[in-house]
Amino acid sequence: MNAPDELPEQRAESSVRVSRPRAIVLHLTLVLFAMALLVKTARVQLVDSDQWVERAQRQHMTNVVLPAPRGVIADDAGIPIAVSREQVQLTISPNLIRPDRADRSDRDTLARELRALGVSRDVIRRALDTTRRYVSVRQLVLPSQVQTLMSLQGVKGEWTMQRILTGSPALEELVGRLNSEGEALSGLELSLDTLLEGTQGTRRAVRDRRGRRWDSPAGSIVDSRPGHTVRLTINRQLQEIVERELMASLQRTGASGGDLVVLDPNDGAILALAGARDGRIASSVTPLTEPYQPGSVLKPMFVAHLLANGRTTANTRINTENGVWVTPLRRLTDEHKEPSMTVFDVVRWSSNIGTVKLVSEHMSRDEVYGLLRDYGFGVFTGVPYPSEARGQLADPRGWTEYSVGSMAIGYEISVTPVQLAIAYAALANGGELLEPALVREIRAPDSSLMFRHARRVVRRVATEQSTAVVRDMLKAVVDSGTGRAAGLAAFEVGGKSGTAIRAGTARSGGREYDATFAGMFPMSDPQLVVVARLIRPTTAIFGGVVAGPMVRAVLSGAMAARNAALDRSVLQRVARDIPMTRESLAVQGAATATPRLQQQTSDVLVSALDSAFDAPAPRDIEPTAGRVIVTLPHAAEPVVSAVSGTRVVPSVRGLSVREAVRTLSAAGFRVKLTRGVAGRTSPAAGSVVRVGAVVLLEDDSI
């Protein structure tokens, strides 16, 4: 008999019954998953917490680099030549500037501000094109000019330090250049890079989900540190005079180029230097980088050496062969032809024959080599210029039979104009070869003194007695010899001319010349050494004729300038008698009338002084008239040295331009107006700045 069928309830219960092994596996899986979560949570919270915190900070926080201002390069008076200024380059995301349909203020503001910055219409049109994702504004602007723009969504700015040069063309070449990344490429910027570059700072900023950066009060800030301040020995007024006279001389003589150097023979400071090529200021400092054969300007150094060693005297007579001397080795000629000359006249008339005989008979090749090396030829001068040339002075073992005579008259050797100026400074100061200087002082960002130039004697190259005799010869060169075009009527000038055939042109038949004149002023107490060189002059070839007037013009300009590194008391003491003229008597009467009249006739005095400079130098007849005392115009303005202290730049916001200038001047600063936000200064208010430094005052009305 069959079992009865199961009830429906019994069938349902059996269908939902779960397998026990499966249940155990499922529960174990859940338990293991929970334990894994707990372990992972513990690891994240306890073990790897620092790592995850750092990752979160990288996502939400960002480091903003604060560029460091590069150190200031200033002239001898402390006026900046190269300064760093913070500027901004804008990038715009037009697709993020989506104003409400009823409000176009953002787009209108963007267009208005870009027009105010002088941005081209094409860039503005692309910046308003919402289909674009990225538009870059190439020009750099001041941060104060883009505050409104930076508040708009979709406008970002990249801060950078821009180097601004304020010097003359040749001075800018001396200072050098930076690339777009702020890296030094040339000049003093390169050689002094480790001192000038500052230390970058950082700022922690919050970044939102759109990538925008916001300053965070909790973010740490490490301020940037500016570079050192470098003050040069360059006198700006002399520099401008040198560049102007150099360009004028190129036009006057038809020369293809030239160089000018002005140096202080008492401490070795280079006060001005410039080079020109092909009718414009050279792209490098050619007085330091381009050596050449100097010619007869080397003759006085040999004479000073022979005088110091007692091998000749100023009155020793030499057979000069009536101006033509033919030997088995060479043929020498003199422009001034005499059967014989004293050593004094050999220098005054620049006799090649007399010089070659004098040196060849009394000096060996090793002695000649040693003398030229002692004067600094063939070696670097030591000035901090990266591409300086040392010239060429060959080892005497490779000299020919006539090399001694060639070097005595300035051939088979190449020197730079700066080396030549240093050598003549030794003749001017009594025989001491000085270390030249381009840097007057270096100061740290806190104004503490790191370096100051001091007079440093490298070696003695001649005696005081021998150089005194040579200076008399150089004075005769200008008074009555080959350098009369360099003379001044009121003061004694000395120097030596040199005319040398350019290397490689003698054998080709188309001779080209370098014309040089090295002068010193005033002769009784030299304060300036000036070396002038012209390349391929066409109107004349002789150094005294074409380069001498360059020296004369520089000295005249230095005398008329206010701050040209000249001691006026010395000049008044050493001024010599000049012939009385109707004009000079009128000036003398005006100068002795009344103090009030003196002030009213300062322009007349300047003109009279210039006329005295332009008068021809005395030749054979000394003036017999009385002494003319002319009050020198414009006493030198006192330059406050940095060692006297520093002061805080006062705030002048809200003041008128006149009141702001008065306030800054009263604080001891020089003020220069520039375009920008009214009342803002550079350095900023509150900065500690050296007394006498220039403060840029911005004015929106300029």
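What counts and what doesn't
- Along each chain, residues carry numbers from 1 onward, in the same order as the chain's sequence is written.
- In view of the model being predicted, local features appear only for residues whose pLDDT reaches at least 70, and side-chain atom pairs are presented and counted only at 80 or more, with totals across whole chains, interfaces and linings using the full set of residues.
- Side-chain calculation: all heavy atoms of the structure are included, whereas hydrogens and water are not.
- Known as pLDDT, the predictor's confidence for each residue is given on a scale from 0 to 100.
- Whether two residues are in contact is decided by their heavy atoms: any pair within 4.5 Å suffices.
- Patch rule: a residue counts if its relative accessible area is over 30% and it has no salt bridge; like charges are joined within 9 Å, and nonpolar side chains (Val, Leu, Ile, Met, Phe, Trp, Tyr) within 5 Å.
- Accessible surface is estimated by sampling points in the Shrake-Rupley manner with a 1.4 Å probe; for residues, cover comes only from the protein chains shown.
- Salt bridge, as used here, is a side-chain nitrogen of Lys or Arg placed within 4 Å of a carboxyl oxygen of Asp or Glu.
- Secondary structure follows DSSP: runs of H or I at least 4 residues long count as helices, runs of E at least 2 residues long count as strands, and numbering of each begins at the N terminus.
- Exposure is judged per residue with a 1.4 Å probe applied to protein chains only, and the accessible area is read against the type maximum: over 50% gives exposed, under 20% gives buried, and values in between give partly exposed.
- In protein, a polar contact means a hydrogen-donor-capable atom and an acceptor-capable atom, both N or O and within 3.5 Å, with residues adjacent in sequence counting only if both atoms are side-chain atoms; elsewhere, any N or O pair within 3.5 Å suffices.
- Paired strands, in this sense, are two strands between which DSSP finds at least two bridges.
- Only the contacting stretch of a helix is used when fitting its axis, a line to C-alpha atoms as for every element, and angles between N-to-C directions run 0 to 180 degrees.
- Buried and open spaces are told apart on a 1 Å grid over the protein atoms alone, a cavity being a set of points where a 1.4 Å probe fits but cannot get out and a pocket being an open set with protein on both sides within 12 Å along at least five of seven lines. Residues with an atom within 4 Å of a point are the lining residues.
- Grid points are joined across faces, edges and corners, and a volume is the space filled by probe spheres set on the points.
- Each residue gets one of three labels, nonpolar for Ala, Val, Leu, Ile, Met, Phe, Trp, Tyr, Cys and Pro, charged for Asp, Glu, Lys and Arg, and polar for the others, Gly among them.
- For this classification, under 35 degrees means roughly parallel, over 145 means roughly antiparallel, 65 to 115 means roughly perpendicular, and everything else is oblique.
- To qualify as a nonpolar core, a set must consist of buried Ala, Val, Leu, Ile, Met, Phe, Trp, Tyr and Cys residues joined through side-chain atoms within 4.5 Å.

Turning to the confidence of the model for the chain, a few remarks are in order. Put simply, the chain has an average pLDDT of 81, and 81% of its residues get 70 or more. Every residue in residues 582-644 is under pLDDT 50, and counting partners more than four places away or in other chains gives 85 contacts.

With that out of the way, let us pick up a nonpolar patch on the surface. Taken together, the side chains of Val31, Leu32 and Met35 make up a nonpolar region of the molecular surface, amounting to roughly 290 Å² of accessible area. Here Leu32 shows up in helix α2 (residues 20-47).

Glancing now at the environment of Asn235. Within the secondary structure, Asn235 is located in the loop between β9 (229-232) and α10 (236-253). Accessibility expressed as a relative area gives 9% for Asn235, which makes it buried. On a C-alpha basis, the gap between Asn235 and Ala272 in space is 6.3 Å, while along the polypeptide they are 37 residues apart. Aside from chain neighbours lying at most four places away, what touches Asn235 is Leu271, Asn563, Ala564 and Ala565. For Asn235, the side chain forms a polar contact with the main-chain nitrogen of Leu238, separated by 3.0 Å.

The three strands are arranged β25-β28-β26 in an open sheet whose pairing can be described as mixed. In the strand order of this sheet, the two ends are held by β25 (670-675) and β26 (681-682), each with one partner. As paired elements, β26 and strand β28 (residues 694-699) share two bridges and run antiparallel to each other. The residue of β28 that forms the bridge with Thr681 is Leu697. Packed onto the sheet, helix α25 (residues 657-666) meets β25, β26 and β28 and runs at close to 165° relative to β28.

Moving on: empty space enclosed by the protein. Scanning the entire structure with this criterion turns up one cavity of 30 Å³ or more. Considered as a void within the structure, the largest cavity measures approximately 40 Å³ in volume. Together, Ala170, Glu173, Leu273, Ala274, Gly275, Ile281, Ala282, Ser284, Val285 and Thr286 line the largest cavity. When residues of the lining of the largest cavity are traced back to their parent elements, those giving at least two are α7 (169-175) and β11 (270-277). Element by element, the count of residues in the lining of the largest cavity is highest for β11, at three residues. Across the lining of the largest cavity, the residue classes break down as six nonpolar, three polar and one charged.

Another point: the pairing of strand β10 (residues 257-263). Side-chain direction in a regular strand flips from residue to residue, so the side chains alternate between the two faces of the sheet. Of all seven residues in β10, seven are buried, a share of seventy percent or more. Covered by surrounding structure in β10 are Gly257, Asp259, Val261 and Leu263 together with Gly258, Leu260 and Val262, the residues of both alternating faces. Two elements, β10 and β11, share seven bridges in a ladder whose sense is antiparallel. Note that in β11 the partner of Gly257 across the bridge is Arg277. Connecting the antiparallel pair β10 and β11 is a turn made up of six residues, with Gly268 showing a positive phi of about 80°. As judged from the seven bridges shared by β10 and strand β23 (residues 528-535), these two strands associate in the antiparallel manner. The partner of Leu260 across the bridge, within β23, is Ala532.

Among the secondary structure elements, Thr109 is positioned in helix α4 (residues 105-116). Overall, the relative accessible area of 13% leaves Thr109 in the buried class.

The next point concerns the packing of helix α17 (residues 417-429) against helix α18 (residues 464-480). Remark: α17 packs on α18, axes separated minimally by 8 Å, with the N-to-C direction vectors making an angle of 110°. Considering their axes alone, α17 and α18 lie roughly perpendicular with respect to each other. Contacts between α17 and α18 involve Tyr424, Ala426, Leu427 and Ala428 on the former and, on the latter, Thr467, Val470, Arg471 and Leu474. Per-class residue counts for the contact of α17 with α18 are six nonpolar, one polar and one charged.

We now examine the nonpolar core. The tendency in soluble globular proteins is for nonpolar side chains to be buried side by side. Counting residues in hydrophobic clusters, the biggest one holds 76 residues, and the most contacted among them are Tyr375, Phe377 and Tyr424. In terms of residue count, α17 provides more of this core than any other element does, 10 residues in total. Excluding residues within four positions of it along the chain, Tyr375 makes contact with Met301, Ala304, Ala423, Ala426, Leu427, Leu433, Val461 and Ala462. Membership of the second largest hydrophobic core comes to 43 residues, among which are Ala170, Val262, Val551 and Ala558.

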